[in-house]
Amino acid sequence: MSAVPRDLALVLQATEFAARKHRNQRRKDREASPYINHPITLASILLNEGAVDDPKVLAAALLHDTIEDTETTYDELKGQFGVLIADMVMEVTDVKWLHKDARKRLQVSRAARSTRGAKLVKLADKIANLRDMIAHPPDGWSLERKREYFDWAKSVVDQIRNTNARLERRFDRVYRQRP
Ligand code: NDP
Ligand code: ZN
């Protein structure tokens, strides 16, 4: 097999794995959209808007919420996708046992020390979530809570500037729509 189909196979394998793991989950929007739409959107933002075509980063984006939101373990990802991808996913996984506010603060303080791949996934995640927050917001969130979310997302992105100018511009564009 040439290099390109092998890359495609990896990305498809990650899509299939994430779809299976998230199969019973929904987003928080009123329509309760299928959760898998979100990781697929991240991969699409990276490739189509950030010109990121590293298949390992695209696979990590597809898998980015599996440890945090499903019973998937680090070892399982390592076994199926290798240590590089498993590490990237681990880097973007929040520490579950911390209180929500501490978790959010830790994401800000850890961001600058992340690897480049993890930073790219984080950027795409924040772009996708802010766009969702505008077009398909979580049901029942007050204006105040949405604003706090926008500001927190910006404080994470401000720690990882100079990673991918296109993605940072996309983030700034959606941030300007802060409700
Ligand atoms: P959560 O982390 O619980 O919810 C946001 C996350 O939900 C996103 O990061 C995203 O994570 C996921 N998500 C699922 N569906 C959507 C969607 N449709 N649109 C966007 N994101 C979606 O947020 P918190 O409860 O921690 O609240 C954020 C901030 O608000 C905190 O700073 C908190 O302190 C504050 N807060 C304010 C309240 C208020 O009334 N003012 C009340 C409670 C909290 P993923 O990418 O992992 O899917
Ligand atoms: Zn996410």
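Now for a description of the structure that goes with this document. (Residues numbered from 1 in each chain as written. Chains lettered and ligands numbered in written order. Predicted model: local features only at pLDDT ≥ 70, side-chain atom pairs only at ≥ 80, totals over all residues. Heavy atoms only, no water.)

1. A word on the overall build of the chain
Which entries qualify depends on this criterion: The helix count covers DSSP runs of H or I at least four residues long, the strand count covers runs of E at least two residues long, and both are numbered beginning at the N terminus. Only C-alpha atoms enter the radius of gyration; for comparison, a globular chain is expected to reach 2.2 Å times N to the power 0.38, where N is the number of residues. Think of it in three bands: with a 1.4 Å probe and only protein chains considered, a residue is buried below 20% of the maximum accessible area for its type, exposed above 50%, and partly exposed in between. In what follows, a contact means two residues having at least one pair of non-hydrogen atoms within 4.5 Å. Accessibility throughout is a Shrake-Rupley quantity obtained with a 1.4 Å probe, and a residue counts as covered only by protein chains that appear here. A residue counts as positive if it is Lys or Arg and as negative if it is Asp or Glu; His and the chain ends are not included. A charge is said to be at NZ when it belongs to Lys, at CZ for Arg, at CG for Asp and at CD for Glu.
Assigned secondary structure in the chain consists of 10 helices and 0 strands. Walking the chain from its N terminus toward its C terminus, one meets helices and strands in the order α-α-α-α-α-α-α-α-α-α. Rg of the C-alpha trace for the chain: 16 Å, near the compact-globule value of 16 Å for 179 residues, within the 12% margin. Each principal axis of the C-alpha distribution contributes one length, and for the chain these read about 50 × 35 × 30 Å. Here the chain holds 179 residues, and 45% of them are scored as buried. A separation threshold of at least 6 residues defines the contact pool for the chain, and within that pool the share at least 24 residues apart is 66%. For the chain, the accessible area works out to roughly 9600 Å², and carbon and sulfur atoms hold 51% of it. In the chain, which carries 33 positive and 26 negative side-chain charges, the distance between the mean positions of the two groups comes to 3 Å.

2. Remarks on the nonpolar core
Which entries qualify depends on this criterion: We call a set of buried residues a nonpolar core when its members are Ala, Val, Leu, Ile, Met, Phe, Trp, Tyr or Cys and they connect through side-chain atoms within 4.5 Å of each other.
In this structure, Leu46, Leu63, Leu77, Phe81, Ile85 and Leu130 are the most contacted members of the largest nonpolar core, which totals 48 residues. A per-element tally of this core places helix α8 (residues 116-135) first, with 9 residues. In contact with Leu46, other than residues within four places in its own chain, are Ala51, Val52, Val57, Leu58, Ala61, Leu120, Ala124 and Leu167.

3. Regarding the site of ligand 1
Which entries qualify depends on this criterion: One heavy atom suffices: a residue is near a molecule or strand as soon as one of its heavy atoms comes within 4 Å of it. Counting of polar contacts relies on pairs of N or O atoms within 3.5 Å, with two restrictions inside protein: one atom must be capable of donating a hydrogen and the other of accepting it, and residues adjacent in sequence are counted only when both atoms are side-chain atoms.
Arg27, Lys28, Tyr35, Arg145 and Tyr149 are the nearest of the 21 residues found near ligand 1. At 2.6 Å, a side-chain N or O of Arg27 approaches an oxygen atom of ligand 1. The side chain of Tyr149 places a nitrogen or oxygen atom 2.5 Å from an oxygen atom of ligand 1. When the free accessible area of ligand 1 is taken as 910 Å², the share hidden by the protein chains comes to 79%.

4. Some points on the packing of aromatic side chains
For clarity, the cut-off: For Phe, Tyr and Trp, where Trp contributes only its six-membered ring, two rings pair if their centres lie within 6.5 Å, and the inter-plane angle classes them as stacked under 30 degrees, edge-to-face over 60, or tilted in between. A ring is considered to have a charge above it if a Lys NZ or an Arg CZ atom is located within 6 Å of its centre and within 35 degrees of its normal.
Counted by the stated rule, this structure contains 5 aromatic pairs. Note on Trp141 and Tyr149: the rings are 6.1 Å apart at their centroids and 70° apart in plane angle, and the pair reads as edge-to-face. For Trp141, a relative accessible area of 18% gives the class buried. Sitting over the face of the ring of Tyr35, Arg27 holds its NZ or CZ atom 5.1 Å from the ring centroid. Taking the ring centre of Trp152 as reference, the NZ or CZ of Lys104 above it sits at 3.9 Å.

5. Things to note about the pattern of salt bridges
Short version of the rule: We define a salt bridge as a side-chain nitrogen of Lys or Arg found within 4 Å of a carboxyl oxygen belonging to Asp or Glu.
Applying the stated criterion to the full structure yields 10 salt bridges. Residues Arg27 and Asp132 are paired through a salt bridge, measuring 3.2 Å at the closest nitrogen-oxygen approach. Of this pair, Arg27 sits in the loop between α1 (3-21) and α2 (37-49) while Asp132 sits in helix α8; the two residues are 105 residues apart in sequence, bridging distant segments of the chain. In this structure Arg27 comes out as buried when scored by relative accessible area, which is 18%. The class for Asp132 is partly exposed, based on a relative accessible area of 23%. Salt bridges linked by common partners bring Lys154, Asp158, Arg161 and Asp172 together as one network.

Limitation: the analysis is restricted to geometry and does not speak to function.
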